[in-house]
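Spelled out, the chains give:
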Amino acid sequence: MCELFGFSSRNQQDISSYLKEFYIHSNMHPHGWGLVTLDGNEAVIEKEPVQASKSNYLKERLSIPFSAKTAFAHIRYATIGNVEYQNCHPYSKKDKQGRRWTLVHNGTIFDYSILDKYVKIQLGDTDSERILLYIVDCIDEKERTLGRVLDAKERFQLLDSIIAAMAKGNKLNLLIFDGEQVYVHTNYADSLHYLEQDDWTMFSTVPLTKEAWQPLPFTQLLAFQQGKLVLQGTQHGNEYIDSEENLKYLYQAFADL
């Protein structure tokens, strides 16, 4: 499976040491890496379809301090989608009001037919990209119906309902940024952790240091702003549990890459 990293802070922080530790895990996730610095509607995305630990570019990039208020990182183990640049995370897209949405995903959509229509319009061929396209469409449709822009709480409530429904039968570990809030979700046991300090919170698939990392609350969407938890969603209870059928599906998908 892929691994995720996220960071939300009130102030600029140098997170180079954490990122270096995170990318070491690419030996087990060799199909691409991504890194994005996020600031409002600006997203500076860097990614390659190569193993992070073998990337000369990434090595040079992290040889100097990497400071950010908000950032995501990703290392990919391909299940759905070929090993290509356009299938590397993160994905980013603006809605019709100009708000930028950026997403990284760890997991697989096994059955959610609503996403099928995006196969023909997406740039790559991952289910993760389809999730982002669907979310942005839902935001656009809700704002069109209301005739106004959604506020932060309303955006959270809409994402809460989308993710709760999508999580049923699907593995859905997500980090999403909408220019203001970092949305975090896991429905797979012991697969997303957080580290909280005075003015920042960090997220990682596995703990990166010997500090006081904790498992992220389960089957519930959370929203963080400037490093602090600000909203908690529905306890939807749609836990993903590996099944023989799903494992066979993943094996066949990987064999076809």
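Everything here concerns the structure above.
Now for a description of the structure that goes with this document.

1. Notes on helix α4 (residues 152-166)
- Here α4 contains 15 residues, and its C-alpha end-to-end distance of 21 Å stays within 8% of the 21 Å for a straight helix at 1.5 Å per residue.
- Taken residue by residue, α4 has E154, R155, F156, L158, L159, D160, I162, I163, A164 and M166 as its buried positions.
- Structurally, α4 contributes buried residues whose contacts are with β6 (100-108), α3 (127-146), β7 (171-177), β8 (182-185), β12 (222-225) and β13 (228-232).
- Measuring from the side-chain oxygen of the N-cap residue of α4 to the backbone nitrogen of K153 gives 3.2 Å; that N-cap residue is D151.

2. Side note on the sheet that holds β6
- One open sheet holds the 6 strands; their spatial order is β5-β6-β7-β8-β12-β13, and the pairing between them is antiparallel. Two strands lie at the open edges of the sheet, namely β5 (91-94) and β13, each paired on one side alone. Across the sheet, the axes of successive neighbouring strands diverge by a mean angle of 25°, strand direction being ignored.
- In terms of strand pairing, β5 meets β6 through 4 bridges, oriented antiparallel. Across the sheet, K93 pairs through a bridge with W101, a residue of β6.
- Against the sheet, α3 touches β5, β6 and β7, its axis set at about 140° to β6.

3. Examining α3
- With 20 residues, α3 extends 29 Å from end C-alpha to end C-alpha; this agrees with the ideal 28 Å at 1.5 Å per step.
- Of all the 20 residues making up α3, 14 are buried; the element is thus mostly covered by neighbouring parts of the structure.
- Looking at the residues trailing α3, positive phi occurs at G147, about 75°.

4. A short note on the packing of aromatic side chains
- Overall, the coordinates contain 13 aromatic pairs when judged by the stated rule.
- Residues F5 and F22 carry aromatic rings whose centres are separated by 5.8 Å and whose planes lie at 50° to one another, so their mutual orientation is tilted. Of this pair, F5 sits in strand β1 (residues 3-14) while F22 sits in helix α1 (residues 16-24), and the two are 17 residues apart along the sequence. Across the pair, exposure class does not vary: F5 and F22 are buried alike.
- In textbook terms, an aromatic cluster arises when at least three aromatic residues are bridged by ring pairs, as seen for F5, F22, Y23, W33 and Y57.
- In this structure, K47 is placed above the aromatic ring of Y85, and the distance from its NZ or CZ to the ring centre is 5.2 Å.
- One cation-aromatic arrangement involves K47 over Y91; the distance from NZ or CZ to the ring centre is 5.3 Å.

Calculation rules
- Residues numbered from 1 in each chain as written.
- Predicted model: local features only at pLDDT ≥ 70, side-chain atom pairs only at ≥ 80, totals over all residues.
- Heavy atoms only, no water.
- Helix = DSSP H or I, 4+ residues; strand = E, 2+ residues; numbered from the N terminus.
- Expected span 1.5 Å × (residues − 1).
- Buried < 20%, exposed > 50% of the residue type's maximum accessible area, 1.4 Å probe, protein only.
- Contact = heavy atoms within 4.5 Å.
- Polar contact = N/O pair within 3.5 Å; in protein donor to acceptor, adjacent residues only side chain to side chain.
- Pairing = 2+ DSSP bridges.
- Axes fitted to C-alpha atoms, helices over the stretch in contact; angles between N-to-C directions.
- Phe/Tyr/Trp six-rings, centres within 6.5 Å; stacked < 30°, edge-to-face > 60°.
- Lys NZ or Arg CZ within 6 Å of the ring centre and 35° of its normal.

Such coordinate-based values are descriptive only and should not be taken to indicate function.
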